[in-house]
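Fold and geometry: a report
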Amino acid sequence: MTGLLGALLPAVPLVAGLLGLLLPPAPRRDSASGGDRARTVAVTLGVAAAAGALALAVALLLTVDGPTETSSTWVDIGGLVVTLGVRLDGAAALVAVAVTAVALAVQVYSIGYLRRGPHDDVDVDHRYPPYAAQISLFTGAMLLVVVAGDLIMLLVGWEVMGLCSYLLIAHDRRLAGAPAAAMKAFLVTRVGDVGFLLGIALLGVSTGSFRIADVLAHDHSGATLTAAGLLLFAGVAGKSAQFPLHTWLPDAMAGPTPISALIHAATMVAAGVYAVARLYPLFTAAPVTLTVLGVLGAITLLLGALAATAQDDIKRVLAWSTVSQLGYMTGALAVGSPSAALFHLLTHAAFKALLFLAAGAVIHAVGTTLMSEMGGLRRSMPVTFWCTVVGLGALAGVPPLAGFWSKDGVLTVAESAALEGTGAAPSWVGWIVWIAGLVGVAVTAWYAGRLLLRAFFGAPRLPLVRPHDPPAVLRWPVLLLAVPAALLGLVGFVGAFTDRLRFPTVPVAGSEDGLVHLGPGVLLPLAFLLVGAALVTLGWRRDRAADPATALGPLRPVFARAFRLDDVQHTLVVRPVRALARAARTGDEVVVDGAVEGSGRAASGLGAGLAALHRAALPRAAAGVLAGALLIGLAAALLGVTQ
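A few points on the structure. (Residues numbered from 1 in each chain as written. Predicted model: local features only at pLDDT ≥ 70, side-chain atom pairs only at ≥ 80, totals over all residues. Heavy atoms only, no water.)

Looking only at helices and strands, the chain has 25 helices and two strands in total. If one aligns the C-alpha atoms of the chain with their principal axes, the spans along those axes are about 120 × 65 × 55 Å. In the chain, which comprises 643 residues, the share counted as buried stands at 52%. Across the chain, the fraction of contacts at a sequence separation of at least 24, relative to all contacts at a separation of at least 6, is 80%. As presented, the chain carries roughly 26200 Å² of accessible surface, and 70% of it is formed by carbon and sulfur atoms. Distance from the positive charge centre (41 side chains) to the negative charge centre (35 side chains) of the chain: 10 Å. (Helix = DSSP H or I, 4+ residues; strand = E, 2+ residues; numbered from the N terminus. Buried < 20%, exposed > 50% of the residue type's maximum accessible area, 1.4 Å probe, protein only. Contact = heavy atoms within 4.5 Å. Areas by Shrake-Rupley, 256 points an atom, 1.4 Å probe, with all protein chains shown as cover. Lys, Arg positive; Asp, Glu negative; His and termini not counted. Charge placed at Lys NZ, Arg CZ, Asp CG, Glu CD.)

Have a look at this one:
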């Protein structure tokens, strides 16, 4: 039964998504045209599939009481085995519940968010059936990654997610930046996926099987583990937006806001962290990979936090905050605690989905994503305001909200790795992650406070707009997500929950102390939190009409451009590749095509000359025959003389 539940979990949304793609792609407002019927069917399929997957995930959570695996051989080529099956445990069930819950919220929220109103100039309901179907495919692909018992199956889900992200980010192709952002996300993540594919191939060839249990049990050489771990991390860096492959995630905000919630909370960015946790014994056996993971995770943490301080677009603030929070997760993995990383992944899924959907309600009400054009929304949108307070408090780590407990768990294991040398990576990696995490607490509190003050406090900066809380179909997903964003961290005190996040085969730093910690150690992060909150509040009180980001001075444009790393990539990668492409095109057109076309022109010219001779007049032809006869006779005479 458990294996059947695991197999049905990704199958339900995948089948619904494939069926949804058969619907007419462009519904119209005229109900007689059939467009409304197509939309209704798309809504029904999407919501039913997400709800069914959530029910299956909850049933799986209640059923799985230990590691369970079912598999059957699919392909056996020369002793290299690929299997079909699922690998289930408590962590997989918990992540599946988070994925399906966010997917259901996004499907319901999209019903209202992508509906054209009577006064809308733009058809926001554009191509809704493929949109809903692609969400189902996206959800099913992530669930396939969660339950896959074979690396090839995991790779299939991994790549389908990349395709769905491209389609959904570019959903509204009328927006100037959407197609370019989708292409950027697709290409940057593909760069990492090349390494991911090679890492899987290396492990499969070394083991003789792609089955995850076989790969983990096999005695790999140190060089193989190091090479495979670094190659796998390349794919993780792409999917989970780790430096230097992080640049696609903020630009992905060109997609619809519900899709931003899905990508940032439950699918793409969570897949990389989960994949490392699933294969964690391989990484602990190769400490070099954990060292690289810790250093790049710390850089990502600070880079995302600092970039978020200077953004004016509310969605880009949240996007950069996701980059920063992913740094906490990879930092926890680096210092030896996949349990802490997964705990923060779960709480982050709750409060980040809440924040994006609340931001979508604000954008829906005021018609802009720029905080410089918002303000004073606290009174006109009280439900959205308080839900945003919960989400930002959880993001910043305000006790007792969910983010406080999970972030404190990461900082605690980093402190233990730094001071006591626990974990597989060197202790200096623990120091880097711990210090970066503490600084990140202060910076996160600062930009979270700035977002709240700029959007909801002060005087309205668009006086002609009459904002109000969203309708029920948008409001209820936000309200329901506020509950886990506030309370999910408390389940860290429940032994059954913490046991499910542990991997019996993995030695985990600090796991014996539980996921949450109450003691003097929590005072230091709280002090950094208060410093960040106090700085932004004092700056706002001096001039409530000014942006607190002006206090950054000359650093503001640097942070706003995220240290110009996009420009660096453009200079070092994009321009050389384009130059190489132009050279290849020129060589193809001039050399290859020139040779082919030149030989064709030569043959054509020769044929034309011969044709002219064949079409010659009779006297000229007779003269030619006589000349030929004379030449033959002369040759015969000469040959006779020589003999």
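Our next topic: the layout of surface pockets. Taken as a whole, the second largest pocket encloses approximately 520 Å³ of empty space. Lining the second largest pocket are 15 residues, with Lys 184, Val 188, Gln 569, Val 573 and Val 574 sitting closest to its centre. Counting residues per element, the ones that place at least two in the lining of the second largest pocket are α6 (178-207) and α24 (565-614). Here the lining of the second largest pocket takes eight residues from α24, the largest share from any one element. Classifying every residue of the lining of the second largest pocket gives eight nonpolar, three polar and four charged. (1 Å grid on protein atoms, 1.4 Å probe; cavity = no way out; pocket = protein on both sides within 12 Å on 5 of 7 lines; lining within 4 Å. Points joined across faces, edges and corners; volume = space filled by probe spheres on them. Nonpolar A, V, L, I, M, F, W, Y, C, P; charged D, E, K, R; others polar.)

In terms of strand pairing, strand β1 (residues 68-77) meets strand β2 (residues 80-88) through nine bridges, oriented antiparallel. From the neighbouring strand, Val 75 faces β2, where its bridge partner is Val 82. Once β1 ends, the chain turns through two residues before running back antiparallel as β2, passing Gly 78 with a positive phi of about 60°. (Pairing = 2+ DSSP bridges.)

Time to look at the pattern of salt bridges. Applying the stated rule across the entire model yields 17 salt bridges. In this structure, a network of salt bridges that share partners links the residues Glu 69, Arg 87, Arg 211 and Asp 214. (Salt bridge = Lys/Arg side-chain N within 4 Å of Asp/Glu carboxyl O.)

Residues Trp 248 and Leu 501 are the most contacted members of the largest nonpolar core, which totals 191 residues. The greatest single-element share of this core, amounting to 19 residues, is contributed by helix α15 (residues 338-366). Residues within four places of Leu 501 in sequence aside, it is in contact with Ala 91, Leu 94, Ser 339, Leu 342, Phe 343, Leu 346 and Leu 515. (Core = buried A, V, L, I, M, F, W, Y, C linked by side-chain atoms within 4.5 Å.)

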